[in-house]
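# Structure at a glance
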Amino acid sequence: MELNSNQIAEILPHRYPFALVDRITDYEPGQWAKGIKCVTVNEPFFCGHFPQFHVMPGVLILEAMAQVGGVAILSLPENKGKLALFGGVKNARFRRKVVPGDVLEMECVLTKRRGPVGIGECKATVNGQVACTAELTFAISG
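Remember, it's a predicted structure, so these values are computed and weren't measured experimentally. (Residues numbered from 1 in each chain as written. Predicted model: local features only at pLDDT ≥ 70, side-chain atom pairs only at ≥ 80, totals over all residues. Heavy atoms only, no water.)

### Focus: helix α2 (residues 58-74)
Note the following rule: A helix here means a DSSP run of H or I that spans at least four residues, while a strand means a run of E at least two residues long, and both kinds are numbered starting from the N terminus. In a helix, the anticipated span is given by 1.5 Å times the number of residues less one. Burial status follows relative accessibility: with a 1.4 Å probe on protein chains alone, a residue under 20% of its type maximum counts as buried, one over 50% as exposed, and anything between as partly exposed.
For α2, with 17 residues, the first-to-last C-alpha span of 24 Å sits near the 24 Å given by 1.5 Å per residue. Counting buried residues along α2, 14 of its 17 residues qualify, which places the element largely inside the surrounding structure.

Here it is as structure tokens:
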């Protein structure tokens, strides 16, 4: 299943400038999701990171991956209207710069869940090259 930006906005509460997923390319509610972010020079964070050499901040790559995972968990009917909050980040590794013109392809597989807390294994790539990997912990609030 594919979701456009309007459909993503029905699931996630994030809005400009923090809506960091342009499209969900496929997902299975409660299991996994794949999405993309088309990085452009017009992103507000490039005004300060860095004005002479634009690089997408690593924390925003993590946030974008978390939003993809958020679609996976919040698309379950019992989680409609709830929030998925960051609980932690483990083993984050940044292997490639993400710059204007890149299409950041992200995937998050939900590997564990106990009550409102869960873990997602996430990866972001550009042109098949790994840009970032991390284990993200989330908590459902609502």
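Next, the rest of the story.
### Comments concerning unusual backbone geometry
Look at the link from Y16 to P17: it is a cis peptide, with omega at 5 degrees. Among the secondary structure elements, P17 is positioned in the loop between α1 (5-11) and β1 (23-28). The amide bond that connects H49 to the next residue, F50, takes the cis arrangement and shows omega of -20 degrees. With respect to the helices, strands and loops of the structure, F50 is situated in the loop between β2 (32-38) and α2. For N91, which is not glycine, the phi dihedral falls at a positive 55 degrees. Residue placement: N91 occurs in strand β3 (residues 83-94). Unusually for a residue other than glycine, N127 sits at a positive phi of about 50 degrees. You can see N127 is positioned in the loop between β5 (117-126) and β6 (129-141). On the basis of relative accessibility, which here comes to 70%, the residue N127 falls in the exposed class.

### Some thoughts on the packing of aromatic side chains
Operational definition: Stacked, edge-to-face and tilted labels apply to pairs of Phe, Tyr and Trp rings (six-membered ring for Trp) whose centres lie within 6.5 Å, assigned for plane angles under 30 degrees, over 60, and everything in between, in that order.
Taken as a whole, this structure holds one aromatic pair when the rule is applied. A centroid spacing of 4.6 Å and a plane angle of 65 degrees characterise the contact between F45 and F46, whose relative ring orientation is edge-to-face.

### With respect to the side chain of E63
Rule in force here: Residues scored as positive are Lys and Arg, those scored as negative are Asp and Glu, and His as well as the terminal groups of each chain are ignored. Only one rule defines a salt bridge in this text: a Lys or Arg side-chain nitrogen within 4 Å of an Asp or Glu carboxyl oxygen. In protein, a polar contact means a hydrogen-donor-capable atom and an acceptor-capable atom, both N or O and within 3.5 Å, with residues adjacent in sequence counting only if both atoms are side-chain atoms; elsewhere, any N or O pair within 3.5 Å suffices.
The residue E63 is located in helix α2 in this model. No salt bridge is formed by the buried E63; its nearest oppositely charged neighbour, R15, is found at 11 Å. A polar contact of 3.2 Å, which involves the side chain of E63, links it to the side chain of H14.

### Some details on the pattern of salt bridges
Applying the stated criterion across every chain yields a total of two salt bridges. Here E43 ties to K37 by a salt bridge, and the two come within 3.1 Å at their closest N and O atoms. With a closest N to O distance of 3.1 Å, D102 and R96 form a salt bridge. By relative accessible area, which is 24% here, R96 ends up partly exposed.

### Considering the sheet that holds β1
Operational definition: Here the rule is simple: two strands pair whenever DSSP picks up at least two bridges between them. In this analysis an axis means a line fitted to C-alpha atoms, helices contributing only their contacting stretch, and an angle means the value between N-to-C directions, from 0 to 180 degrees.
With respect to topology, six strands assemble into an open sheet ordered β1-β2-β4-β5-β6-β3, the strand pairing being antiparallel. The open sheet is flanked by β1 and β3, the only strands paired with a single partner. Strand-to-strand twist in this sheet, taken as the mean axis angle between neighbours without regard to direction, amounts to 20 degrees. Pairing between β2 and strand β4 (residues 103-114): seven bridges, direction antiparallel. Note that in β4 the partner of K34 across the bridge is E107.

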